[in-house]
Amino acid sequence: MLAFSLCCGAPSHAADSWKLADLMAAMSAVPSTSLRFTEKKYVAILKEPLTLSGTLNYKRPDFIEKHVLSPHEERYTVAGVNVRVESKGKKRDLSLDAYPVIRAFVDSIRATLAGDGQTLQRFYRTELRGARDAWVLNLEPLDVQMAEQISTVRLSGAGSTVDEVVVFEPGGDKSVMTIAPQ
């Protein structure tokens, strides 16, 4: 972010004019997307991060798929309130209605991708920094149960593109997902 400001010399009022409503409008213009990801999970009991990679798919209004290809194949599909987990040849279906904390997390990701600021702010305290070409959106859960699982979700990107998602847990563990075009 600092490098962007220094190299481009953007006027400070330009950065100040990029609001959550602007980001949500940019995100709402994207009907679907297919991306690849690399996710590193830093867990205190592990000496090295656990690394996953695969693809992400989103289709308006509420379809999300995370397809892990390495180190083993798994697929998580969410459509509406229905979740399907496929791993090691087995399928498991569940409803987000039975898991309110997971639902809040999934809805917040979908709300960001859909450009639905109202839903996003129903679950999180939001803080947007930066400008259209380099922004950071910090989300702090409002729900006490969710805050026991996630302390902050930090999304960063440019325009309607999310480049990175970092999930910080209260105990110090975190996951860093880097996202790129396929």
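Keep in mind that what you see is a predicted model, and the values were worked out from it rather than measured.

1. So, the environment of Ile-64
Phase 1: Its place among the elements puts Ile-64 in strand E3 (residues 63-70).
Phase 2: You can call Ile-64 buried: its relative accessible area is 16%.
Phase 3: In this structure, Ile-64 is in contact with Asn-57, Tyr-58, Tyr-76, Thr-77, Val-78, Ile-109, Arg-110 and Leu-113, ignoring residues within four places of it in sequence.

2. Section: the sheet that holds strand E2 (residues 50-59)
Phase 1: Sheet architecture is open: eleven strands sit in the order E6-E5-E4-E3-E2-E1-E11-E10-E9-E8-E7, paired in antiparallel fashion. Edge strands, defined here as strands with exactly one partner in the open sheet, are strand E6 (90-95) and strand E7 (124-131). Each neighbouring strand pair of the sheet contributes to a mean axis angle of 15°, computed without reference to strand direction.
Phase 2: Bridge count for strand E1 (residues 32-42) against strand E11 (residues 174-181) is eight bridges, and the pairing is antiparallel. Its bridge partner lying in E11, Phe-37 is registered against Ile-179.

3. A word on the pattern of salt bridges
Phase 1: What the rule picks out here adds up to ten salt bridges.
Phase 2: In this structure, Arg-84 engages Asp-93 in a salt bridge whose closest nitrogen and oxygen atoms are separated by 2.8 Å.
Phase 3: Arg-84 sits in the partly exposed class, given a relative accessible area of 31%.
Phase 4: Where salt bridges share partners, they join Asp-97, Arg-103, Asp-107 and Arg-110 into one cluster.

4. Digging into the pairing of strand E10 (residues 161-168)
Phase 1: Bridge analysis of strand E9 (residues 152-158) against E10 gives seven bridges, and the strand direction is antiparallel. Looking at E10, one finds that Gly-157 is bridged to Val-162.
Phase 2: The loop that links E9 with its antiparallel partner E10 comprises two residues; one of these, Gly-159, has a positive phi angle of about 55°.
Phase 3: Of the strand pairs in this sheet, E10 and E11 are connected by five bridges, and their pairing is antiparallel. In the sheet register, Phe-168 faces E11, and the bridge partner there is Lys-174.

The rules behind these values
- Residues numbered from 1 in each chain as written.
- Predicted model: local features only at pLDDT ≥ 70, side-chain atom pairs only at ≥ 80, totals over all residues.
- Heavy atoms only, no water.
- Helix = DSSP H or I, 4+ residues; strand = E, 2+ residues; numbered from the N terminus.
- Buried < 20%, exposed > 50% of the residue type's maximum accessible area, 1.4 Å probe, protein only.
- Contact = heavy atoms within 4.5 Å.
- Pairing = 2+ DSSP bridges.
- Axes fitted to C-alpha atoms, helices over the stretch in contact; angles between N-to-C directions.
- Salt bridge = Lys/Arg side-chain N within 4 Å of Asp/Glu carboxyl O.

Interpretation note: all reported values are geometric properties and have no functional meaning in isolation.
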